[in-house]
Amino acid sequence: MRIETDIKLDFKDVLIRPKRSTLPSRKNVDISREFDFRWSKKRFFGVPIVAANMDGVGTMEMAEAFVEEGHGLTVALHKHYAPEAQIDFLRKHGGSPVWYSIGIADEDVRKLDAVLDSPLQKEGTGIDKLCIDVANGYSEQFVEFVKRTRDRVPEMTIMAGNVVTGEMVEELILAGADVVKVGIGPGSVCTTRKMTGVGYPQLSAIIECADAAHGLGGLVCSDGGCVVPGDLAKAFGAGADFVMLGGMLAGHDQGGGQVIEEDGERCVQFYGMSSATAMDKHAGGVAEYRASEGKTVPVPYRGDVTGTVREILGGIRSACTYIGARRLKELSKRTTFVRVTEQLNNVFGKDRTSA
Ligand code: 5GP
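Conventions we followed
Residues numbered from 1 in each chain as written. Predicted model: local features only at pLDDT ≥ 70, side-chain atom pairs only at ≥ 80, totals over all residues. Heavy atoms only, no water. Near = heavy atom within 4 Å. Polar contact = N/O pair within 3.5 Å; in protein donor to acceptor, adjacent residues only side chain to side chain. Areas by Shrake-Rupley, 256 points an atom, 1.4 Å probe, with all protein chains shown as cover. Nonpolar A, V, L, I, M, F, W, Y, C, P; charged D, E, K, R; others polar. Core = buried A, V, L, I, M, F, W, Y, C linked by side-chain atoms within 4.5 Å. Buried < 20%, exposed > 50% of the residue type's maximum accessible area, 1.4 Å probe, protein only. Helix = DSSP H or I, 4+ residues; strand = E, 2+ residues; numbered from the N terminus. Contact = heavy atoms within 4.5 Å. Pairing = 2+ DSSP bridges. Axes fitted to C-alpha atoms, helices over the stretch in contact; angles between N-to-C directions.

### Some remarks on the site of the ligand
(1) Moving on: Close to the ligand lie 20 residues, the nearest being Ser188, Thr192, Asp223, Ser274 and Glu293.
(2) Moving on: Within the side chain of Asp223, a nitrogen or oxygen atom sits 2.5 Å from an oxygen atom of the ligand.
(3) Moving on: In the model, a nitrogen atom of the ligand is placed 2.9 Å from a nitrogen or oxygen of the Met273 main chain.
(4) Moving on: Considering the ligand on its own, with 530 Å² of exposed area, one finds that the protein chains cover 89% of that surface.
(5) Moving on: A per-class count over the shell around the ligand returns six nonpolar, 12 polar and two charged.

Below, the structure written as structure tokens:
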């Protein structure tokens, strides 16, 4: 047994220190990014925020709303669309608004085969981004799967995760990932930290993983734990290239959930993808060998997602103004974090919805 005593930080443990700035207004801030992916050699241009591949968030309607807004946000589609629905979507919008999510089970490979075999793929209007997503990205099988997939689809941009430490980020990038997804336990409907005691404070995970990824020409996507726009500013400030959002985008019309009344409030049920709710819906119940590591919570119904997106983007733009970053790219270079909490109070994020 070993104990690591270095301080590890979460979003709520820090604030961003303001800096002298010559920017007249947040209107002058450009929050899109341009990336050339290490392996696929494809170029990304847009606001690097990704809707999580969860029911109620990673939907085609969400992707359509993002296309309409025109900022270039993307959606990791949840895994439960039939291949025909994916193909219909691709026919209408092409692949650029979405990441096609798969796990590493045989069934996932079959679904990927079906989409890759579609004529759209040959015409160049099919999927161009994959999100290979497992709860625990530390297994050898996962790394092997990423390698095999990279060999199979060399031109496809691959995001893979989740992990929280630099050495595993390096391994996944060398295996073929363009972007590594970072986050174990911070999700708003995740109970991994409580159920297993495993996790890593998200801000430190981003700082350490981004450093490892950037050293190899790879990128990271911070996944989970953002509850307010300022958390996204902190994630980008810490070095995240992309930020994935679940809870902050839940409760909207585009999620397709049923609106219910709870204590006089209009709500939508939002649940983790390994919660009992999700497993009942998609897998006919919780498998005996595994405990559910997600929960179901009511979130306030918030109507159209457009207003929420504008608020999030406004918050990030404003953060850039406070520290004199003309472009999102400059945010991390100009960020100085100030610690504002004592470490011991924060393990389970008392005043937050996470774990
Ligand atoms: P949020 O933005 O809501 O804080 O976090 C979203 C992330 O939580 C997702 O992208 C995913 O990585 C993670 N997540 C979603 N469902 C579950 C679940 O049931 N269990 C766990 N451990 N994590 C989940």
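### What to know about the nonpolar core
General note: in soluble globular proteins, nonpolar side chains tend to be found buried as a group.
(1) Moving on: Counting 63 residues, the largest nonpolar core has Ile49, Phe66, Trp99, Leu232, Phe242, Leu245 and Leu249 as its most contacted members.
(2) Moving on: If you tally residues by element for this core, the top one is helix 11 (residues 305-323), at seven residues.
(3) Moving on: Formed by 38 residues, the second largest nonpolar core is a distinct cluster that contains Val153, Ile158, Ala210 and Ala212.

### Some thoughts on unusual backbone geometry
(1) Moving on: For the peptide bond that leads from Gly161 to Asn162, omega is 20°, which places it in the cis range.
(2) Moving on: As for its position among the elements, Asn162 is in strand 8 (residues 157-163).
(3) Moving on: One non-glycine residue, Lys41, lies in positive phi territory at about 65°.
(4) Moving on: Tracing the sequence through the fold places Lys41 in the loop between strand 2 (33-36) and strand 3 (43-46).
(5) Moving on: One non-glycine residue, Asp263, lies in the positive phi region at around 50°.
(6) Moving on: One can find Asp263 in the loop between strand 12 (259-262) and strand 13 (265-271).

### Some words on the side chain of Asp55
(1) Moving on: Relative to the helices and strands, Asp55 is located in the loop between strand 4 (49-51) and helix 1 (60-69).
(2) Moving on: With relative accessibility at 6%, the residue Asp55 sits in the buried group.
(3) Moving on: Among the polar contacts listed, one links the side chain of Asp55 to the side chain of Tyr271, at a separation of 2.5 Å.
(4) Moving on: Filtering out sequence-adjacent residues up to four positions away, Asp55 remains in contact with His78, His80, Phe270, Tyr271, Met273, Lys281 and His282.

### Some remarks on the sheet that holds strand 5 (residues 74-77)
(1) Moving on: Pairing is parallel in the closed barrel, where eight strands are placed in the order 4-5-6-7-8-9-10-11. Looking at each pair of strands side by side, their axes are set apart by 25° on average, direction ignored.
(2) Moving on: Pairing geometry for strand 10 (residues 219-223) and strand 11 (residues 242-245), over three bridges, is parallel. Across the sheet, Ser222 pairs through a bridge with Val243, a residue of strand 11.
(3) Moving on: Across the sheet, helix 8 (residues 202-215) touches strand 9 (179-182) and strand 10, and the angle it forms with strand 10 is around 165°.
(4) Moving on: Strands strand 4, strand 10 and strand 11 of the sheet are contacted by helix 9 (residues 229-238), whose axis makes an angle of about 150° with strand 11.

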